[in-house]
Amino acid sequence: MLPRGRPRALGAAALLLLLLLLGFYQLGPDLDCERSARGGRVGGRAGTRALTCPLMPRVPPDGRLRGPAVLDGALPWDHNRSACVPLRSLLPKCELLHVAIVCAGYNSSRDVVTLVKSLLFYRRNPLHLHLVTDAVARNILETLFHTWMVPAIRVSFYNADEFQSQVSWIPNTHYSGLYGLLKLVLPGALPSDLARVIVLDTDVTFASDIAELWAFFAHFSDKQMIGLVENQSDWYLGNLWKNHRPWPALGRGFNTGVILLRLDRLRQAGWEQMWKATARRVLLTLSATSLADQDIFNAVLKDHPGLVLLLPCTWNVQLSDHTLAEHCYSEASDLKVIHWNSPKKFRVKNKHVEFFRNLHLTFLEYDGNLLRRELFGCPSQPPPQAEQLQLALAQLDEDAACFEFQQQRLTVARVHLTFLPFELPPPRRHDITLVAQLSMDRLQMLEVLCSHWPGPMSLALYLTDAEAQQFLRFVEGSPVLSVRRNVAYHLVYREGPLYPVNHLRNVALAQALTSHVFLSDIDFLPAYSLYDYLRASLEQLELGSRRKAALVVPAFESLHYRLRFPASKAELLALLDAGALFTFRYDVWPQGHAPTDYARWREAQAPYPVQWAADYEPYVVLPRDCPRYDARFVGFGWNKVAHILELDAQEYEFLVLPEAFTIHMPHAPSLDISRFRSNPAYRDCLRALKEEFHQDLSRRYGASALKYLTALKQPGGVL
């Protein structure tokens, strides 16, 4: 759903502006003292001019590095002190800007999201993102951008596997691995009619409009093809430790976290042959690259210095361990791009690292829904479905009793699949994924659930952007969750007035990779042996994925927060007889589980069939390709009932397992159940949804759906 107003966006923008102003006072005094101590010079070099135009980075007329002789211990920020360049005035209004990013894996995909947030926050131009990804990153980012529905942004994907053979022969010791070399192949990988592109590492954060960076293309000479910022450490000088042998470079060399590429010129100049020949020659004397593509770019530019345009240092402020970046900026407004190019990332040491962390954290926690805004003065085709959704939302009556239900139904929430690293389960003929959904207030259930269910899980979490970072820290700090690699966490970012319970279930269900799924809720703890028992039952009953069978797991509840969890059915029956356990919701909603026939279950030694009845909502094991939940049911009420009814309409048989059980643990009631209990209008809206669902069922199943209409007319209310 696209936001109607701008108050939240303006508030967030004001917060970010305040952060930048605070940064001015944090950074300014120290650097002013440095300038005073050096006679008003920046970087401590004689002959450099005082900062006369601090808010506009400058470039020399030819964009050329002056040679290693001028690199005498402090960075030669002379190239930042030439005549001021009015950057945006060089850029046609609404010009489409192209950005390329290489991204692989789960963690890198998260980094891309933060980078894109910073791009979108400042940008005033339409963007076309060219993403070179592995299968994991593509699945994540394709879903994210499809559900984000940001105006004036296009996304194209390129399969990284198709290009790996071009760089796999290069030994590389950098932590980025093979993917860290793929920027070398971009001139051939990107469309042949694409002439210019900005290439970014995933670990950069923008603090300015990317159009200002794009404007530097206008400063390229006829021979220049690559725009780079100088490397802000002594790495390529070879003096960091004894026997340090870096790749050849011009002076301190260049950092490739931010690159401007004239793709047309590179193709014409035979770039592929050029960099491969250089790499082969250097690898005769050096065993591997240490900094991946950056080493090879530098070696090429050492041989061909006329290819490079030297960019102002503020467009790639590098925060590595040995960085000299603090000589690059004098105040917060100077910063354009921050680059976390150390393996330590946010733990790196730097005089102003707290300011940099806070700026990055601003975008980590920034509400991405606020970036669904139209570009002022740049008409663009709305994202797919966005226009129809806006029209439908505009037609709603905000004074209608069920407006919130109607609004939530039209809401499209951003989805970030596999938010944390996940390992595919080994292929098994009969395997089961536990599927559930939760919000921030149920996070404490995760650790204990992991102790009960050793098998794979697919969990959908309904969180804000800020809560997503809290969740990340919670998992990383948990000795239980941090070592589990078979739990897939899928984030659905909060949007709309009601809890989209069935949409969350569908997100988690769609990402299950095993033959079967156990459809549970996060506040239930399965028997310790349930995972193995269910797998054995599937094999014993010869339930292939084509047989329409729903295995019922009887549900119980405890009223005590502390429970000696039963290790077997016999122990559970003892607790049941002692009044320490009860059949689930026996007192307020008995029809929800009565068809399970608990009296028969007590004595059962083998699975037994049961018939559907009105309002039945057991927890079941199903084939992975089972019917999805009906997403119109939001908040509390009838969400599982509708799904079980759909299963019966599709002629699934219900089989109760004699040794299976799951126990509901007590917790504070959710906001939605409180509203259901206290608000008659809420219950009326739910009843209207129920009637609408039955009408749809009749249209789809014809006469066979009559029994459901009859059940609807029976007394007993909506729940």
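The following refers to the structure shown. All figures in this text were calculated on a predicted structure; none of them were measured in a lab. (Residues numbered from 1 in each chain as written. Predicted model: local features only at pLDDT ≥ 70, side-chain atom pairs only at ≥ 80, totals over all residues. Heavy atoms only, no water.)

### Concerning the state of the cysteines
Rules: A pair of cysteine sulfur atoms is labelled a disulfide when the two atoms are within 2.5 Å. Only DSSP runs of H or I with at least four residues qualify as helices, and only runs of E with at least two residues qualify as strands; both kinds are numbered from the N terminus onward.
One pass over the full model with this rule turns up three disulfides. Disulfide pairing is shown between Cys402 and Cys685; the S-S distance is 2.0 Å. Residues Cys402 and Cys685 are joined through a disulfide that is left-handed, its torsion about the S-S bond being -100°. Residue Cys402 is located in the loop between helix H10 (386-394) and helix H11 (403-409), and its partner Cys685 is located in helix H20 (residues 680-701); the two are separated by 283 residues in the primary sequence.

### Notes on the sheet that holds strand E2 (residues 127-133)
Adjacent strands of a sheet pair through backbone hydrogen bonds, lying either parallel or antiparallel. The condition that has to hold: Strand pairing is defined by DSSP finding a minimum of two bridges between the two strands. Orientation is described by lines fitted to C-alpha atoms, with helices fitted over the stretch in contact, and by angles between N-to-C directions that extend from 0 to 180 degrees.
Pairing in this open sheet of seven strands is mixed, and the strands run E3-E2-E1-E4-E7-E6-E8 from one edge to the other. A single partner strand is all that each edge strand has here, and the edge strands are strand E3 (153-159) and strand E8 (308-311). The sheet shows a mean angle of 25° between the axes of neighbouring strands, taken without regard to direction. Bridge count between E2 and E3: seven bridges; the pairing is parallel.

### Describing the packing of helix H2 (residues 106-122) against helix H3 (residues 135-148)
The criterion, for reference: Take the far helix as the reference: if the near one is turned anticlockwise from it by less than a right angle, the crossing is left-handed, and if turned clockwise, right-handed. The contact criterion used is simple: two residues touch if any of their non-hydrogen atoms lie within 4.5 Å. The classification used treats Ala, Val, Leu, Ile, Met, Phe, Trp, Tyr, Cys and Pro as nonpolar, Asp, Glu, Lys and Arg as charged, and all other residues, Gly among them, as polar.
Relative to each other, H2 and H3 sit at 35°, their axes nearing to 9 Å. In the crossing of H2 with H3, the sense of the turn from one axis to the other is right-handed. Contact residues: H2 offers Tyr106, Ser109, Val112, Val113, Val116, Lys117 and Leu120, while H3 offers Val136, Ala137, Ile140, Leu141, Leu144, Phe145 and Trp148. Grouping the amino acids of the contact of H2 with H3 by side-chain chemistry returns 12 nonpolar, one polar and one charged.

### Here's the deal with the packing of aromatic side chains
So the rule is basically this: Pairing of aromatic rings covers Phe, Tyr and the six-membered ring of Trp, with a centre-to-centre limit of 6.5 Å; geometry is then stacked below 30 degrees between planes, edge-to-face above 60, and tilted otherwise. To sort residues, take the accessible area from a 1.4 Å probe on protein chains only and compare it with the maximum for the residue type: under 20% means buried, over 50% means exposed, and anything in between is partly exposed. Any Lys NZ or Arg CZ that is within 6 Å of a ring centre and within 35 degrees of that ring's normal is treated as a charge sitting over the ring.
Under the defined criterion, the tally for this structure stands at 30 aromatic pairs. Here Phe419 and Phe471 contribute two aromatic rings whose centre-to-centre distance is 6.4 Å and whose plane-to-plane angle is 40°, an arrangement assigned as tilted. Taken together, the residues Phe419 in the loop between strand E11 (415-416) and strand E12 (432-439) and Phe471 in helix H13 (residues 465-476) connect sequence positions 52 residues apart. Neither Phe419 nor Phe471 differs from the other in exposure class; each is buried. The cationic tip of Arg280 hangs over the ring face of Trp169; the distance from NZ or CZ to the ring centre is 4.6 Å. In this structure, Arg505 is placed above the aromatic ring of Tyr629, and the distance from its NZ or CZ to the ring centre is 5.2 Å.

### Observations regarding the pattern of salt bridges
For clarity, the threshold we go by: Each reported salt bridge corresponds to a side-chain nitrogen of Lys or Arg within 4 Å of a carboxyl oxygen of Asp or Glu.
For the structure on display, the rule yields 32 salt bridges. Across the pair Asp201 and Lys183 runs a salt bridge, and its minimum N-O distance is 2.5 Å. One end of the pair, Asp201, is in the loop between strand E4 (196-200) and strand E5 (204-206); the other, Lys183, is in the loop between E3 and helix H4 (186-189), with 18 residues separating them in the sequence. A salt bridge links Glu467 to Arg494; the nearest nitrogen and oxygen atoms lie 3.0 Å apart. Placement of Glu467 in helix H13 and of Arg494 in the loop between strand E14 (487-493) and helix H14 (501-510) is noted, with a sequence separation of 27 residues between them. Look at Glu467 and you get buried, because its relative accessible area is 13%.

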